[in-house]
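Given next are the chains, with one letter for each unit.
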Amino acid sequence: LQTMSGNEHDWLALKPQEPSPSQCCGSGCKPCIYDVYEKDLAQWERAKAKQDKSLLMEKKEQSSNSELNPDTFTGFNIISVEQLTEDTYQYKFELPGNSSLQLSLGQHIVLRGVVNGLEVQRAYTPISPGNAEGYFEVLMKCYETGLMSQYIKTWKKGDTVFWRGPFGGFPYQPNKHGELLMLASGTGLAPMLPILQSITDDEEDETFVTLVGCFCTFDKIYLKPLLKDLAGYWNIRIFYILSQETSLEKLPWSYQENTYTGRLNEDLMKTIVNSCRRRPFVLICGSSAFNEDMSRYLKAAGIEENSCFVF
């Protein structure tokens, strides 16, 4: 009898744990962490019915493989940490050999962190080109009270961090849309960058792009040198909207003509949409409040929902 309960105890120890709500990043990943749990649970039930623990081993083998995978978390080492603004960092992760993440444009990956014993998961979009070899880079904003931020703030070069993916993405095709209007708030810039870079890297791609970056202040604009380079291309325009700047006089002269102070509102949206050279297809990325506001202003400017994609 003793062995029986011992055996039961062993099996219970192997049973997958149901995820807590904090572990779901809410980005609609397929498979979601709950899907992975259902699959693992079914596998555990089959193994238990057959009393064969080797049936549980296949899962363990995957995660030591150093390739990104949607079902299991894989560890990647941090090669460098760069602080961009007071609360925003750019992290560079190592990929084994000269491999690349092979992400489609605008796809995101999910980070797992443990804070005070609580597991948290969040989605981030790498800003490095999908075909970058040997590394990938992620832009991250740390919030004072954010659970994941507390974990991220402890990172240093050489640490191993666990990711799974890829998920989502915008099915971009060169020259499919006459003009892309990108509305990005803060780190919402991330999914826009690989798409912009793929357009500038492809001489055959003649898509016009209008990028509208919404930031609090001039100092909070990330990656200025990269954005300046992109704005030098004939088919790319970049506007900045700075909600906490009161006047443009203190800004460098080169920024004054394409920067607005205050918030992106309905009137300004109409102005921007009307200034597009062709009828735009719109990409939106920011907080849920930002995304809702943008959809509303776009509707008022005559852009229908089927001409928008929200990251």
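Residues numbered from 1 in each chain as written. Predicted model: local features only at pLDDT ≥ 70, side-chain atom pairs only at ≥ 80, totals over all residues. Heavy atoms only, no water.

Hey, could you run me through the domain arrangement of the protein in this one?
Many structure descriptions define interface size as the accessible area lost when the parts assemble. According to the domain assignment, the protein consists of domain 1 (74–167) and domain 2 (179–310). Taking the mean C-alpha position of each, domain 1 and domain 2 sit 24 Å from one another. Roughly 1200 Å² of surface becomes buried between domain 1 and domain 2 when both sides are summed, with 73% attributable to carbon and sulfur atoms. By the criterion of area lost to domain 2, the three top residues of domain 1 are Leu-105, Ile-127 and Leu-139, representing 40% of everything that side buries. Summed over the shared surface of domain 1 and domain 2, the result is 1 salt bridge. Note that Glu-86 and Lys-220 form a salt bridge whose closest N and O atoms lie 3.4 Å from each other. Where domain 1 meets domain 2, there are 2 residue pairs in polar contact (both at pLDDT 80 or more). Those elements giving two or more residues to the side of domain 1 that touches domain 2 turn out to be β1 (74–85), β2 (88–94) and β5 (135–141). For the side of domain 1 that touches domain 2, the element with the highest residue contribution is β5, accounting for 3 residues. Partitioning the side of domain 1 that touches domain 2 into residue classes produces 7 nonpolar, 6 polar and 3 charged. (Domains from an automatic or database assignment. Buried area = accessible area lost by both parts, 1.4 Å probe. Salt bridge = Lys/Arg side-chain N within 4 Å of Asp/Glu carboxyl O. Polar contact = N/O pair within 3.5 Å; in protein donor to acceptor, adjacent residues only side chain to side chain. Helix = DSSP H or I, 4+ residues; strand = E, 2+ residues; numbered from the N terminus. Nonpolar A, V, L, I, M, F, W, Y, C, P; charged D, E, K, R; others polar.)

Before we go on, may I ask you to explain the UniProt feature "binding site: FAD" (unreviewed entry) in the protein in this structure?
Following the UniProt record, the feature "binding site: FAD" (unreviewed entry) maps to Arg-122, Tyr-124, Leu-139, Lys-141, Met-148 and Ser-149 here. Annotated residues spanning 28 residues; largest pairwise C-alpha distance 13.7 Å, indicating a single compact cluster. Among the structural elements, Tyr-124 can be located in strand β4 (residues 118–124). Among all residues touching Tyr-124, those that are not within four sequence positions of it are His-108, Ile-109, Leu-111, Val-138, Leu-139, Met-140, Met-148, Ile-152 and Trp-163. The residue Met-148 is located in helix α4 (residues 147–152) in this model. With sequence-adjacent residues up to four places away left out, Met-148 is seen in contact with Leu-111, Arg-112, Gly-113, Val-120, Gln-121, Arg-122 and Tyr-124. (UniProt positions renumbered as here; feature names shortened; annotations may be inferred. Contact = heavy atoms within 4.5 Å.)

Could you clarify how one ought to interpret the sheet that holds strand β7 (residues 179–185) in this entry?
By way of backbone hydrogen bonds, the strands of a sheet pair with one another, either parallel or antiparallel. The parallel open sheet is built from 6 strands, whose spatial order is β10-β9-β8-β7-β11-β12. The open sheet is flanked by β10 (259–261) and β12 (308–310), the only strands paired with a single partner. Each adjacent strand pair in this sheet contributes to an overall mean axis angle of 15°, direction not counted. Running at roughly 150° to β7, helix α5 (residues 192–201) makes contact with β7, β8 (208–215), β9 (236–242) and β11 (280–285) of the sheet. Packed on one face of the sheet, helix α6 (residues 224–231) meets β8 and β9 and runs near 140° to β9. (Pairing = 2+ DSSP bridges. Axes fitted to C-alpha atoms, helices over the stretch in contact; angles between N-to-C directions.)

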